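Results of the structural survey
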Amino acid sequence: MTPTSSSASLRRALSALEAAEIPHAYFKDPAGLGQALKGGPKDYDLLVAPGFRARAETLLRECGLKRAHSFAVPPVPATSDWLGFDAETGALHHLHLHALLPTGKDALRDYALPWADTLLEHRRLHPDHQVWVLSDALNLVILLLRTCVEQKFARPDASTWAPTAESVARLLELRALANKDEVLTLARALLGEPFAKGMASWLDPSLSGTPATHELVRLRPLVLDTLKPYQRFHPAEAQARRRARQLKLLAGAAARKTPLPLPPRRRGLRLPDRGLIIALIGPDGAGKSTLTDALNAWLSELVDTRQLYLGKGDPVTTIWHALAHAKWWALETFARRSPPPAPEVTAPEHSDTPPIPELDLDEVLRYTPPPERSTGRQVLRDLAWVSLAARHLLNTRRAHITAHQGALVVADRFPFRASHLASGPSIPGGPDQPLTRRVFSLAEDALFNSLQHSPPDLVFRLNIAADVAWRRKPDHDIANIAAKSLALSQIDPGLARLIDLDATLPPDVLLSQVKARIWEAL
C-alpha cells in the first residue's frame, strides 16, 4: 500500500512487532481494516498474546507512539490506548492494544474473553493489506458473540432484543466465506459443545433475512449463559454503571443543545500526564482563526480537544449592536417598521497598497483606545474591559484544569501585557486620569498579572508583512495591522514556548509544520 492510503507510523509499529516475533493480529471485522490503517477516527484494534503484552508496549513506545487514556468506556483489563502521528500524511492514528477480547452492552465492555492465545493460532496474512488478521471462521464466531451481547440504549429489555440489519448482513457474508467444520471446531473449543450445537443450526445456508434473524434471537440466551464466567461485573454493578453512563450521555447532549452551563461530554483520548494549551497569535490577516479551526478539526478526531477565543474585540460596540438588533426586532414584530437600508460600502482597490507609516515602538506599546465622548460611556467601556479580562482569566484557568486532566486546548489569540494592540491592558492609569479610570486600571492590571501566571504551553506567532496581510483583509487599516504586528513582536511569553512561523506559506505547509511541533510537545 502507498503511504497515502495507510499510516507510515502505524506500519512501522506493526513491522517492529513482526521483527520481534510477537504474535499479533487485527481482530475486528476486516471490512474496516482499510480505514483503520489510514488513521483518523477509526482505531486499529490489535490483539497480542498476553505473555508478550509488556514487550509489545515497549516497542510501541520506541516507535514514537504515545500512551493515552480513553474515556469512552470504563478501563478494561489488559488493554491500552496508543496515539500515533504520521509525519508523511499529518494524520493521527489510534492503536488499541488488547491481550483480552472486550465486549458488552452499551459500550460498557462488561465481558473480557481470555482467548488471545487460541485466536492468534488461527491468524492469517491479509492478501491486500499485508497485515495479520484473524481467520474468517474466527471473525464469524466473534462477530456473532458481539452481536448477541451488545445492546443499545433503545432496547433495554432483553425480550425485545433484535440484531441490526447491518449485523445480520455481515454475519451472513462471513458465513458464506468461512468453512463450517472449522467454525464448529472453534466454537466447541472456545465455548463448549452446547454452544456449538446451537450454532450448527444457524450455519444452515438456507437461513437468510428474517429466518436468520429469528435464529439469532433464539441463539442469544445460549450465548449469554455461556459467557457468564467471563463477566467482569456483578449484574447489579453492571446495571448501576450502565445507568450512570446513560446519565453522562444525557448531560452531554443537554450541554450541546441548551445554553445552560452543564458539564461538556468527555470525548476522545486524553494524555496520561498532562495535555497542552496551544495559543495562536498574529496580526489581522495572518490566518489565526483559519489555522485554529484546522487544528481543532485535526485533533478532535481522536483527542479530547476544546477551542477558545481569547481576543479583545470591542465589547461595548458589541453591546450597542445587540441592543440595536433587539430594538429593530421589536419594531418589526410589533410596529411593522422596517430598519433603514445599510449604507453602501465601496470595496477597496486591491491594486494599490496604501503606504505603511513609520511607527514608533514606544507609542505602539503605550497605545490605548481613544476616550469616549461622555463620562457615562467611558465608565461603561472601562467596566467592559475589566469584565473581558476577568472572563479571559476564568477561561484560561478552566483551560489549565482541562489540560491537567489530559485534554488539549486550542486558543485563538492570548492576552499578553505588551500592548492593547497585543490583546493587553486597555485602560490607562496615569495620574492625569480620573479616579474611576485609575481604579479600573488597577483592577485590569491585577487580572492581567494573574493571566501571565497561567501562560499557554505553546505559542505560535504567525509573522506576516503588513502589506500581505492587508491584501488578505483590505477592509482593515494597514497602519493598524502594522502596529499590531510590531506590538506582538515585543511580547514576553514567560514560561510558554514561543514558535515563530511564516504565515505567508501555503496553508497545508503551515498546518503540517504546526502539527509536527504539537506532536513534539506532546
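Quick summary incoming for the structure in this document. (Residues numbered from 1 in each chain as written. Predicted model: local features only at pLDDT ≥ 70, side-chain atom pairs only at ≥ 80, totals over all residues. Heavy atoms only, no water.)

A few words now on helix α8 (residues 193-202). Those residues of α8 not exposed but buried are Phe195, Ala196, Gly198, Met199 and Trp202. Down the axis of α8, the buried side of the element spans an arc of 165°, and every buried residue falls inside it. Exposed and facing more than 90 degrees away from the buried side of α8 are Pro194 and Lys197. Elements in contact with the buried residues of α8: α5 (136-149), α6 (165-177), α7 (180-191) and α9 (210-226). (Buried < 20%, exposed > 50% of the residue type's maximum accessible area, 1.4 Å probe, protein only. Helix = DSSP H or I, 4+ residues; strand = E, 2+ residues; numbered from the N terminus. Arc of directions from axis to C-beta. Contact = heavy atoms within 4.5 Å.)

With that settled, the discussion passes to the pattern of salt bridges. According to the stated counting rule, one finds 15 salt bridges in the structure shown. Between Arg53 and Glu57 there is a salt bridge; the shortest N-O distance is 3.2 Å. Separated by 4 residues within a single helix, Arg53 and Glu57 lie in helix α3 (residues 53-62), roughly one turn from each other. Here Arg53 falls in the partly exposed class, since its relative accessible area comes to 24%. For Glu57, a relative accessible area of 12% translates into the label buried. Among the ionic pairs, Asp412 bridges to Arg413, the shortest N-O distance being 3.0 Å. The burial state of Asp412 is the same as that of Arg413; both residues are buried. (Salt bridge = Lys/Arg side-chain N within 4 Å of Asp/Glu carboxyl O.)

A few words on empty space enclosed by the protein. For the structure shown, the criterion picks out 2 cavities of 30 Å³ or more. Looking at the largest cavity, its volume works out to about 70 Å³. Along its surface, the largest cavity is lined by Phe27, Leu101, Pro102, Thr103, Leu113, Trp115, Ile142, Leu145 and Arg146. Only β6 (101-103) and α5 provide two or more residues apiece to the lining of the largest cavity. (1 Å grid on protein atoms, 1.4 Å probe; cavity = no way out; pocket = protein on both sides within 12 Å on 5 of 7 lines; lining within 4 Å. Points joined across faces, edges and corners; volume = space filled by probe spheres on them.)

Our next topic: the pairing of strand β2 (residues 44-48). Across the 5 residues of β2, 5 count as buried, placing the element largely inside the fold. Burial along β2 is two-sided: Tyr44, Leu46 and Val48 facing one way and Asp45 and Leu47 facing the other are all buried. Note: strand β1 (residues 24-26) against β2, 3 bridges, orientation antiparallel. Across the sheet, residue Tyr26 finds its bridge partner in β2, namely Leu46. In this structure, β2 lies alongside strand β5 (residues 91-98), joined through 4 bridges in parallel fashion. The residue of β5 that forms the bridge with Leu47 is His98. (Pairing = 2+ DSSP bridges.)

Inspection of the secondary structure assignment puts Thr396 in helix α14 (residues 375-404). Once residues within four sequence positions are removed from consideration, Thr396 is found in contact with Leu310, Phe414, Leu451 and Ser454.

What follows deals with the packing of aromatic side chains. For the coordinates displayed, the defined rule picks out 5 aromatic pairs. Ring pairing ties together the aromatic residues Phe85, Trp298 and Trp519, which thus form one cluster. Between Arg123 and the ring centre of Trp132, over which it is positioned, the NZ or CZ distance is 4.0 Å. Above the ring of Trp202, the side-chain terminus of Arg175 is found at 5.1 Å from the ring centroid. (Phe/Tyr/Trp six-rings, centres within 6.5 Å; stacked < 30°, edge-to-face > 60°. Lys NZ or Arg CZ within 6 Å of the ring centre and 35° of its normal.)

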